[in-house]
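Given next are the chains, with one letter for each unit.
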Amino acid sequence: MNPKIWSDEELLHYITTEDRAEMEELFAAARKVRKEHYGLDVYFRGLIECTNYCKNDCYYCGIRRSNAGANRYRLGSEEILECCRTGDTLGFRTFVLQGGEDPWFTDDRLCEIIRTIRTEFPDHAITLSMGERSRKSYKALFYAGVNRYLLRHESGDDTHYSAIHPPEMKLSSRKKCLYTLKELGFQTGAGFMTGAPFQTAECLLADLRFLQEMEPHMAGIGPFVPAAHTPFADHPAGSTDLTLRMAALTRLILPRVLLPATTALGVLSRDGMEQALLAGANVVMPNLSPGYAKKRYSIYNNKPYTDDEAAEGLHSMILRVKAAGFVPNMGARGDAKPA
Ligand code: SAH
């Protein structure tokens, strides 16, 4: 199975197939390719949800600026550093700082935070996911010590992108940011939601073609889950099967991609993480945010949230990864391999 050379028709067939045997064939092929490049290792990233303030107004997102119901918070530098320390003690070698596009995080403030983390943890990978910024900003962050940047392209189809974002947001700007990040030397992550409102199979084909063209180091693929008090609050959630098919196709198109089993998948199925690992995923991102932040970073409904100490959450995830037949690899930074 080599979707890299498939025609649009062939790809569309596997994007939409409901045939169990065909799906299993796809997942098995993705598993095999993942094993060739990464063995059975699963890399762990410690997620820190830094802020739910956002100047954007994405129609699907629970922390969009128009959602007056969102209970806003922002972690201070010391709190972020504490999360990193907890993560380091637990064995994490990668921190992912994610948040809304919060203007408080100016280049000066963010670079200062990054430099502090970099000084205390010289060997760790630092990943940022804070949306669209200028080239100058990305460059400053890179030199402050950021190694990776996650910025989902959200939809590879212009019309669809415009149907789920306000007019001031453009797919072309998103793509430009991604190419800039890659050129500056970041390990760069793109990605999209499955089952988003108004999404067609052709939109998903455009997503795969964009990944094929851009060749990101990482790809975040998760189902749309409705978020209360948003324009899409009453739209149905995406499906597990569609998400798994898209993850598997992504693994086959980009054999060395770092592919997380996304948290949103866990909202749709209890064993969403395990299923994703069996369809080619090789990364998990346990949450290191303080309890109050986990609760308020509600980009969609029913986001799994426990008051558990980070240690407990991590312990149960390690057991689940092992039970699914994989090898938790906490000790490695788990960098992207050269293409
Ligand atoms: N502001 C950052 C991080 C956004 S949150 C950025 O722009 O990159 C991370 C991801 O959550 C988004 O890229 C989006 O794909 C996803 N997301 C947001 N709302 C969602 C929803 N309702 N259902 C599923 N995923 C959602």
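Summarised in this report is the structure supplied together with it. Predicted model only: the values in this text are computed from it and were never measured.

## Some remarks on the packing of aromatic side chains
Stage number 1. According to the stated counting rule, one finds 13 aromatic pairs in the structure shown.
Stage number 2. Judged by centre distance (5.6 Å) and plane angle (90°), the rings of Phe142 and Tyr143 are edge-to-face.
Stage number 3. Taken together through their ring pairs, the aromatic side chains of Tyr138, Phe142, Tyr143, Tyr149 and Phe186 make up a single cluster.
Stage number 4. Its end group placed over the ring of Tyr53, Arg74 keeps NZ or CZ at 4.4 Å from the ring centre.

## Describing the nonpolar core
Stage number 1. Counting residues in each nonpolar core, the largest one holds 97 residues, and the members touching the most others are Ile15, Phe44, Leu97 and Ile117.
Stage number 2. Considering every element that reaches this core, the biggest residue donor is helix H9 (residues 240-253), with eight residues.
Stage number 3. Beyond its immediate chain neighbours, meaning those up to four positions away, Phe44 contacts Phe92, Thr94, Val284, Pro286, Leu314, Met317, Ile318, Val321, Pro328, Asn329 and Met330.
Stage number 4. By size, the runner-up hydrophobic cluster in this structure holds six residues, among which are Tyr43, Met218, Leu258 and Ala336.

## Structural notes on the sheet that holds strand S9 (residues 327-329)
Stage number 1. Sheet architecture is open: three strands sit in the order S8-S1-S9, paired in parallel fashion. Single-partner strands in this sheet number two, and they are strand S8 (283-284) and S9.
Stage number 2. In this structure, strand S1 (residues 41-44) lies alongside S9, joined through three bridges in parallel fashion. Opposite Asp41, over in S9, you have Val327 as the bridge partner.

## Some details on the pattern of salt bridges
Stage number 1. Tallied over the full model, the rule gives 22 salt bridges.
Stage number 2. With a shortest N-O distance of 2.4 Å, Asp241 and Arg20 are connected by a salt bridge. In this pair, Asp241 is assigned in helix H9 and Arg20 in helix H2 (residues 20-38), connecting sequence segments 221 residues apart.
Stage number 3. For Arg85, the salt bridge identified is with Glu82, shortest N-O distance 2.9 Å. Linking Arg85 with Glu82, this pair stays in helix H3 (residues 77-90), spanning three residues, or about one helical turn.

## Brief notes about H3
Stage number 1. Compared with the 20 Å implied by 1.5 Å per residue over 14 residues, the 20 Å span of H3 between its first and last C-alpha is a close match.
Stage number 2. Taken together, the buried positions of H3 are Ile80, Leu81, Cys83, Cys84 and Gly87. Down the axis of H3, the sector holding all buried residues measures 155°, keeping them to one side.
Stage number 3. Looking one or two places after H3, you find Gly91, whose phi comes out positive at around 110°.

How each quantity is defined
- Once a new chain begins, its residue numbering starts again from 1 and follows that chain's sequence as written.
- pLDDT decides what is reported in this predicted model: residues at 70 or higher carry local features, side-chain atom pairs at 80 or more are listed and counted, and totals for whole chains, interfaces and linings draw on all residues regardless.
- Only hydrogens and water are set aside; all other atoms, that is, all heavy atoms of the structure, feed into the side-chain values.
- Two aromatic rings from Phe, Tyr or Trp, using only the six-membered ring of Trp, form a pair when their centres are within 6.5 Å; if the ring planes differ by under 30 degrees the pair is stacked, by over 60 it is edge-to-face, and anything between is tilted.
- Placement of a charge over a ring requires the Lys NZ or Arg CZ to be within 6 Å of the ring centre, with the centre-to-atom vector within 35 degrees of the ring normal.
- What is meant by a nonpolar core is a set of buried Ala, Val, Leu, Ile, Met, Phe, Trp, Tyr and Cys residues, joined one to another through side-chain atoms within 4.5 Å.
- Relative accessibility thresholds used throughout: buried, under 20% of the residue-type maximum; exposed, over 50%; partly exposed, between the two (1.4 Å probe, protein chains only).
- Labels follow the DSSP assignment, with helices taken as runs of H or I lasting at least four residues and strands as runs of E lasting at least two, numbered in each case from the N terminus.
- Contact between two residues is taken to exist if any of their heavy atoms lie within 4.5 Å; hydrogens are not considered.
- Strand pairing requires that DSSP identify at least two bridges connecting the strands.
- Think of a salt bridge as a Lys or Arg side-chain nitrogen and an Asp or Glu carboxyl oxygen that are within 4 Å of each other.
- To estimate the expected span of a helix, subtract one from its residue number and multiply by 1.5 Å.
- Note that the arc is defined by the directions from the helix axis to the C-beta atoms.

These figures capture arrangement, not role.
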